[in-house]
Amino acid sequence: MTTMTENASGLREFKMPDVGEGLTEAEILKWYVQVGDTVTDGQVVCEVETAKAAVELPIPYDGVVSELRFPEGTTVDVGQVIITVDVSGGTAPAPAAPAAEQAPAAPAAPAAAPDEEEAKPTGRKPVLVGYGVAESSTKRRPRKGAEAPAQQGGTLFAATAIQGELNGHGAASAQQRPLAKPPVRKLAKDLGVDLATVTPSGPDGIITREDVHAAAAPAQAPAPLAAPAPVAVPQAAVQVQPQVPAPAASYDGARETRIPVKGVRKAIATAMVGSAFTAPHVTEFVTLDVTRTMRLVEELKQDKDMQGLRVNPLLLVAKALLVAIKRNPGINASWDEANQEIVQKHYVNLGIAAATPRGLIVPNIKDAHTKTLPQLAESLGELVATAREGKTSPAAMQGGTVTITNVGVFGVDTGTPILNPGESAILAVGAIKLQPWVHKGKVKARQVTTLALSFDHRLVDGELGSRVLADTAAVLEQPKRLITWA
């Protein structure tokens, strides 16, 4: 996909690229430049969050920033222009208010805006779909109903006209149409609230759900006063009124926060629903004595070959699972629904579920089966550090074959993990606790944990899944099997 275009005036438009495989949108998290700033080829101009990771975008040419098309926090479709750069070598344009800010129009703006729009190409499309209107729309968005009455302010009219078109209405009715997203309009319709009477509190004058709820409360409060009017409506009002007293909306708004589902959270939801209702999950459990493994962890921390590396129980769990996969390669496969085939993988890209401020991600260690213990420790350390910094690339989260999720770090004994889409098995590791355990015929305090293995029953039979789990546990109970079974 071409990510830049240039017009005769020397302005280049940089489009939102597909920074992953088949991604369709990304949210602009932060702009690192402003209108009027000079940029150079390769300079990072913004950070965006896709459904998989946060990514910094470099600009591919030199010039002066002419326009920022979207404010921070806006979700933009791949292929939409996000920034315009003047590459003609001339002086920087007079700084215009960025899309994140709404500046009042100058007195002459209403008359100038139509001429400005007519001079631009007519093939341009709206760039804000469901996320409000950019302040600079009067300069860059030609509209069929763009001829505004002279008494209308340029910025205000263009904003309302565009919002009307985005919601499926012509420019003729846009002047009276308040700014609100489609879900908010539906909510207002359900509650019987006229949006024209609602005072907006959102950015750029957009009406939010809380505004609608606040407007609904006064409307319901005087309902008893309207009771003497005809029969049906007053009865409904009287019946509703005791259940929803006047302060109900503000009280409810104070107790609830609505968070838009987008970015990593949207990807997690889609993937988990798809996995849970596509692959028939089976989960098996085993509780085991890992005292010897814990001793080995302490010994490895003192080993000179492991100096400076991250050595913890998860490292040995990963190694144990790799040994089990080598002994039972059928577990390392995926189901191809389109071709009705089982795809056997002859490599292991070991996924490690990581909790980050933006949500759960599952980067993987490429070709983990080929790595020595020090190499595996190094890769694991880099993976965790990168995930915590929010710098995991989309490529690092693609192509996984088997995953480990360590719920034990939260003090949880075990769980029933959901498969990562495209994989056939996921191992959950529980908390390691000192518990009474029969050892050599006597009850002793031992380090004990529980493993849970979920697998796709379409291609993994109970016997195969059980063998993988049993072999993983056997290695952790007797770490010397890392040598004898490797």
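Placed above this text is the structure.
Summarised in this report is the structure supplied together with it. Since we're looking at a predicted model, the values are computed, not measured.

## Side note on helix 9 (residues 263-276)
The α-helix winds at 3.6 residues per turn, so residues separated by three or four positions along the chain end up facing the same way.
Step number 1: With 14 residues, helix 9 extends 20 Å between its outermost C-alpha atoms, agreeing within 8% with the 20 Å of an ideal straight helix rising 1.5 Å per residue.
Step number 2: Considered for burial, the residues of helix 9 that qualify are G263, V264, I268 and S275. Within helix 9, the buried residues cover an arc of 130° as seen down the axis, which keeps them to one side.

## Some remarks on the nonpolar core
Step number 1: L315, L321, L350, I404, L427 and L451 are the most contacted members of the largest nonpolar core, which has 46 residues in total.
Step number 2: Elements with a contribution of two residues or more to this core: helix 10 (291-301), helix 11 (313-327), strand 13 (350-352), helix 12 (373-388), strand 17 (402-406), strand 18 (425-429), strand 20 (442-456) and helix 13 (462-477).
Step number 3: Among the elements that take part in this core, helix 11 stands out by supplying eleven residues, more than any other.
Step number 4: Setting aside residues up to four positions removed in sequence, L427 forms contacts with V317, L321, T403, I404, T405, L451, A452, L453, L469 and T472.
Step number 5: Core analysis: the second largest hydrophobic core is formed by 23 residues, M16, Y61, I82 and V85 among them.

## Brief notes about the side chain of T401
Step number 1: Positionally, T401 belongs in the loop between helix 12 and strand 17.
Step number 2: A polar side-chain atom of T401 sits 3.0 Å from a polar atom in the side chain of N332.
Step number 3: If we skip the residues at most four places from it in the chain, T401 touches N332, K345, Y347, V348, N349, E423 and S424.

## As for a nonpolar patch on the surface
Step number 1: There is a patch of nonpolar side chains on the surface, built from V409, F410 and V412 and spanning about 310 Å² of accessible area.
Step number 2: Relative to the helices and strands, F410 is located in the loop between strand 17 and strand 18.

## Details of unusual backbone geometry
Step number 1: The backbone phi angle of Q340 is positive, close to 55°, even though this residue is not glycine.
Step number 2: Relative to the helices and strands, Q340 is located in the loop between strand 11 (333-336) and strand 12 (341-344).
Step number 3: Given a relative accessible area of 53%, Q340 falls into the exposed group.

## Details of the environment of I83
Step number 1: Relative to the elements of secondary structure, I83 occurs in strand 9 (residues 81-86).
Step number 2: Beyond its immediate sequence surroundings of up to four residues, I83 is in contact with R12, E13, F14, W31, V33, I59, V65, E67, L68 and R69.

## Structural notes on the sheet that holds strand 3 (residues 25-31)
Step number 1: The four strands lie next to each other as 6-5-3-8, forming an open sheet whose pairing is antiparallel. Of all strands in the sheet, those with a lone pairing partner are strand 6 (54-58) and strand 8 (75-77), marking the two edges. Averaged over all pairs of adjacent strands, the angle between their axes in this sheet comes to 40°, without regard to strand direction.
Step number 2: With four bridges joining them, strand 3 and strand 5 (residues 44-49) adopt antiparallel strand pairing. The partner of K30 across the bridge, within strand 5, is E47.

Definitions and limits used
- Position numbers for residues count from 1 along each chain, tracking the sequence in the order it is written.
- Local features are withheld for residues below a pLDDT of 70 in this predicted model, meaning they are given only at 70 or higher, and side-chain atom pairs are given and counted only at 80 or more; totals for whole chains, interfaces and linings count all residues.
- The side-chain values count all of the structure's non-hydrogen atoms but skip hydrogen atoms and water molecules.
- Working definition: helices are DSSP H or I runs of at least four residues, strands are E runs of at least two. Numbering for both runs from the N terminus.
- Expected span of a helix, by definition, is 1.5 Å for each gap between consecutive residues, and there is one gap fewer than residues.
- For every residue, the accessible area (1.4 Å probe, protein chains only) is compared with the maximum for its type, and the residue is labelled buried under 20%, exposed over 50%, or partly exposed between those bounds.
- As used here, the arc belongs to the directions running from the helix axis to the C-beta atoms.
- Side-chain atoms within 4.5 Å are what join buried Ala, Val, Leu, Ile, Met, Phe, Trp, Tyr and Cys residues into a set we call a nonpolar core.
- Residue contacts are defined here by distance: any two heavy atoms, one from each residue, within 4.5 Å place the two residues in contact.
- Any N or O atom pair separated by 3.5 Å or less is treated as a polar contact, with the protein-specific requirement of one donor-capable and one acceptor-capable atom, and with residues adjacent in sequence counted only for side-chain atom pairs.
- A patch consists of residues whose relative accessible area exceeds 30% and which take part in no salt bridge; residues with like charges are grouped when within 9 Å of each other, and nonpolar side chains (Val, Leu, Ile, Met, Phe, Trp, Tyr) when within 5 Å.
- Throughout, the Shrake-Rupley method with a 1.4 Å probe supplies accessible areas, and for residues the shown protein chains are the sole cover considered.
- Every case where a carboxyl oxygen of Asp or Glu lies within 4 Å of a side-chain nitrogen of Lys or Arg is listed as a salt bridge.
- Here, strands pair whenever DSSP counts at least two bridges between them.
- To obtain each axis, a line is fitted to C-alpha atoms, and for helices this fit is confined to the stretch in contact; angles are then taken between N-to-C directions over 0 to 180 degrees.

The analysis is restricted to geometry; functional conclusions fall outside its scope.
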